[in-house]
Amino acid sequence: MVKHTNSIKLNKNDDNFVNIFNFSVAVFDLDLTLWDGTKLYDDVINILQALKDAGIRLFIASFHLEAKKCCDLLGISFYFDEIYYGRTKSKADMIKDIKERHNIYTYEIAFFDDNFNNILDVKKQHNIKTIHISKDGLSWYHLPIRVKLNDMYKKRYNIKYHIDKLDKTEVFDYYLE
């Protein structure tokens, strides 16, 4: 992914582009990804709402034995199609179960976790998009967003792009900051 450092506002009312999350299913770890053990990280509610508004299906895959209760207390349970938790399975196995139970394809999923070993395990077993969350928890910076731009917009801002292998469109990969 290219990290764009100049400020281009992502305005969904702008006719020059349509912004699209490059995944349709998000699977989140809970502890140290969405919350710090006492409260949600600052951007979490807005991110969950934006993803839900965009039609992204959301899931939790957590080793926290009280994950469902935590999500209820934090007021975020309603965002998720399923809150999957326990210590008898790896995160990769949890994702496998979620895929099978909800008829989800591997290419649709983005997995967010603070534990790098979980990221490596999931990437190795499923080859899905994985996003390693920093010590400060989930923020807008972590969300990969694909932006389709028209020629005038690309020329005006001298934007580099590539041809997407799946849908053969020109895309500029962008991370919100």
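Residues numbered from 1 in each chain as written. Predicted model: local features only at pLDDT ≥ 70, side-chain atom pairs only at ≥ 80, totals over all residues. Heavy atoms only, no water.

1. Focus: the environment of Glu108
Move 1: Looking at where Glu108 falls in the secondary structure, it is placed in the loop between helix H3 (91-102) and strand E5 (109-113).
Move 2: When the C-alpha atoms of Glu108 and Ala26 are compared, they prove to be 8.4 Å apart, with 82 residues separating the residues in sequence.
Move 3: Every residue in contact with Glu108, bar those within four places of it in the chain, is listed here: Phe23, Ser24 and Val25.
Move 4: Polar contacts involving the side chain of Glu108 include one to the main-chain amide nitrogen of Tyr105, which spans 2.6 Å. (Helix = DSSP H or I, 4+ residues; strand = E, 2+ residues; numbered from the N terminus. Contact = heavy atoms within 4.5 Å. Polar contact = N/O pair within 3.5 Å; in protein donor to acceptor, adjacent residues only side chain to side chain.)

2. Regarding unusual backbone geometry
Move 1: For Asn103, which is not a glycine, the phi torsion comes out positive at approximately 55°.
Move 2: Counting through the fold element by element, Asn103 comes out in the loop between H3 and E5.
Move 3: Among the residues examined, Asn103 registers a relative accessible area of 61% and is labelled exposed.
Move 4: Unusually for a residue other than glycine, Asn127 sits at a positive phi of about 55°.
Move 5: Within the secondary structure layout, Asn127 lies in the loop between helix H4 (116-126) and strand E6 (129-132). (Buried < 20%, exposed > 50% of the residue type's maximum accessible area, 1.4 Å probe, protein only.)

3. Structural notes on the pairing of strand E3 (residues 57-62)
Move 1: Most of E3 is tucked away: five of the six residues are buried.
Move 2: Bridging between strand E2 (residues 25-28) and E3 involves four bridges; their strand directions are parallel. In the sheet register, Val27 faces E3, and the bridge partner there is Phe59.
Move 3: Of the crossover connections in this fold, the one passing from E2 over helix H1 (residues 44-53) to the parallel E3 is right-handed.
Move 4: As paired elements, E3 and strand E4 (residues 82-85) share four bridges and run parallel to each other. Bridge pairing links Ser62 to Tyr85 in E4.
Move 5: Traced from E3 through helix H2 (residues 67-74) to E4, the parallel crossover comes out right-handed. (Pairing = 2+ DSSP bridges. Right-handed = clockwise from strand over helix to strand, strands pointing away.)

4. Things to note about the pattern of salt bridges
Move 1: Scanning the model with the defined rule gives seven salt bridges in all.
Move 2: Across the pair Asp81 and Arg57 runs a salt bridge, and its minimum N-O distance is 3.2 Å. One end of the pair, Asp81, is in the loop between H2 and E4; the other, Arg57, is in strand E3, with 24 residues separating them in the sequence.
Move 3: Residue Arg57 is classed as partly exposed on the basis of its relative accessible area, which comes to 29%. (Salt bridge = Lys/Arg side-chain N within 4 Å of Asp/Glu carboxyl O.)

5. What about the confidence of the model for the chain?
Low pLDDT marks regions whose predicted coordinates should not be analysed in detail.
Move 1: A residue-level look at the chain finds 69% of positions with pLDDT of 70 or above and a mean pLDDT of 78.
Move 2: Mean pLDDT across the elements of the chain ranges from a minimum in strand E9 (residues 170-175), with 42, to a maximum in E3, with 97.
Move 3: Low confidence marks residues 157-177, where pLDDT is under 50. Its contacts with residues over four positions away, or in another chain, come to 60 contacts. (pLDDT = per-residue confidence, 0-100.)

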